[in-house]
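Inside the fold
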Amino acid sequence: MAFELPALAYATDALEPNIDKMTMEIHHGKHHQAYVTNLNNAIKGTDAENLSIEEICKNISKYPMAVRNNGGGHYNHSLFWSVIGPNAGGAPTGELAEAINTAFGSFESFKEKFSAAGATRFGSGWAWLLVKDGKLEISSTPNQDNPLMDIAEVKGTPILGMDVWEHAYYLKYQNRRPDYISAFYNVINWTAVAELYKKAK
């Protein structure tokens, strides 16, 4: 089965003014689509055609760089679209809020650390909130790597990913990555993140 571009659960202009419509159209319809197309080409005729994207990521060291880059791009973006949305933002509640307070001291402290992970990632990459051994951690990865991969410095199950590639923000924010990071908190769907936390635990 070939991988497919997942449909967005909201309109491309639904995240305005935080993430603009044109960025969403290019990011989802062009960048993510290219990862899917290139991934399918890279795994054609191999055992990876019958695996889930999670299984591929967990054994990424077995595969050529084209699978690592495009498979990572597909997994990372699929997660990204699912944990952002309209009428979102604010702060998490319930079990996830407690886990964040336990791991980082407070929600504000989490935001500081997560923002720093995104702001200090040199070049292109991602900031992650992940579950490792039942506890929350923050990490960042280069390019399209992620914490599921067996080559990751900090391994675990991602529940929130922030894309800090320039294609995620450059049309609106140009070189002002910190401004994009601040705006990102307004579109986090904490209900979706909490669901992923429950599963990952």
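Source: prediction; values computed, not measured.

Here's the deal with the domain arrangement of the chain
One can read the domain layout of the chain as domain 1 (21-83) and domain 2 (94-200). Each of domain 1 and domain 2 has a C-alpha centre, and these two points are 19 Å apart. Domain 1 puts 23 residues into the contact, and the matching count from domain 2 is 28 residues. Summing both partners gives a buried area of about 2,000 Å² for domain 1 against domain 2, and 62% of it is carried by carbon and sulfur. Summed over the shared surface of domain 1 and domain 2, the number is one salt bridge. Note that Arg68 is salt-bridged to Asp145, the shortest N-O span being 2.7 Å. Inspection of the region where domain 1 meets domain 2 yields 12 residue pairs in polar contact (both at pLDDT 80 or more). Looking at the side of domain 1 that touches domain 2, the elements with two or more residues in it are helix H1 (21-43), helix H2 (53-58) and helix H3 (65-82). The dominant element in the side of domain 1 that touches domain 2, judged by the number of residues it contributes, is H3, at 10 residues.

Structural notes on the nonpolar core
With 45 residues, the main nonpolar core has Phe110, Phe114, Leu136, Leu160, Tyr180 and Phe184 as its most contacted residues. Ranked by residue count, the leading element in this core is strand E1 (residues 125-132), at six residues. Each of domain 1 (21-83) and domain 2 (94-200) contributes no fewer than three residues to this core. Beyond its immediate stretch of four places on either side in the chain, Phe114 contacts Ala127, Trp128, Leu129, Ile138, Leu160, Met162, Phe184 and Tyr185. Counting 14 residues, the second-largest nonpolar core is a separate cluster that includes Phe3, Leu39, Ile53 and Tyr75.

Brief notes about H3
With 18 residues, H3 extends 26 Å between its outermost C-alpha atoms, agreeing within 8% with the 26 Å of an ideal straight helix rising 1.5 Å per residue. For H3, every residue scored as buried is listed here: Val67, Asn70, Gly71, Gly72, Gly73, His74, Tyr75, Asn76, His77, Leu79, Phe80 and Trp81. Packing partners of the buried residues in H3 comprise H1, H2, E1, strand E3 (157-163), helix H7 (177-184) and helix H8 (190-200).

Examining the packing of aromatic side chains
For the structure on display, the rule yields 13 aromatic pairs. Relative to Trp190, the ring of Phe110 lies with its centre 6.0 Å away and its plane at 70 degrees, an arrangement referred to as edge-to-face. One end of the pair, Phe110, is in helix H5 (residues 107-119); the other, Trp190, is in helix H8, and 80 residues separate them in sequence. You'll find Phe110 and Trp190 in the same group, each marked buried. Chaining the aromatic ring pairs together yields one cluster made of Phe80, Trp81, Trp126, Trp128, Tyr169, Tyr173, Tyr180 and Phe184.

A short note on the UniProt feature "domain: Manganese/iron superoxide dismutase N-terminal" (unreviewed entry) in the chain
The sites that UniProt annotates as "domain: Manganese/iron superoxide dismutase N-terminal" (unreviewed entry) are residues 3-83. Secondary structure across residues 3-83 comprises 58% helix and 0% strand; the distance between its end C-alpha atoms is 20 Å.

Rules used in this analysis
- Residues numbered from 1 in each chain as written.
- Predicted model: local features only at pLDDT ≥ 70, side-chain atom pairs only at ≥ 80, totals over all residues.
- Heavy atoms only, no water.
- Domains from an automatic or database assignment.
- Contact = heavy atoms within 4.5 Å.
- Buried area = accessible area lost by both parts, 1.4 Å probe.
- Salt bridge = Lys/Arg side-chain N within 4 Å of Asp/Glu carboxyl O.
- Polar contact = N/O pair within 3.5 Å; in protein donor to acceptor, adjacent residues only side chain to side chain.
- Helix = DSSP H or I, 4+ residues; strand = E, 2+ residues; numbered from the N terminus.
- Core = buried A, V, L, I, M, F, W, Y, C linked by side-chain atoms within 4.5 Å.
- Buried < 20%, exposed > 50% of the residue type's maximum accessible area, 1.4 Å probe, protein only.
- Expected span 1.5 Å × (residues − 1).
- Phe/Tyr/Trp six-rings, centres within 6.5 Å; stacked < 30°, edge-to-face > 60°.
- UniProt positions renumbered as here; feature names shortened; annotations may be inferred.

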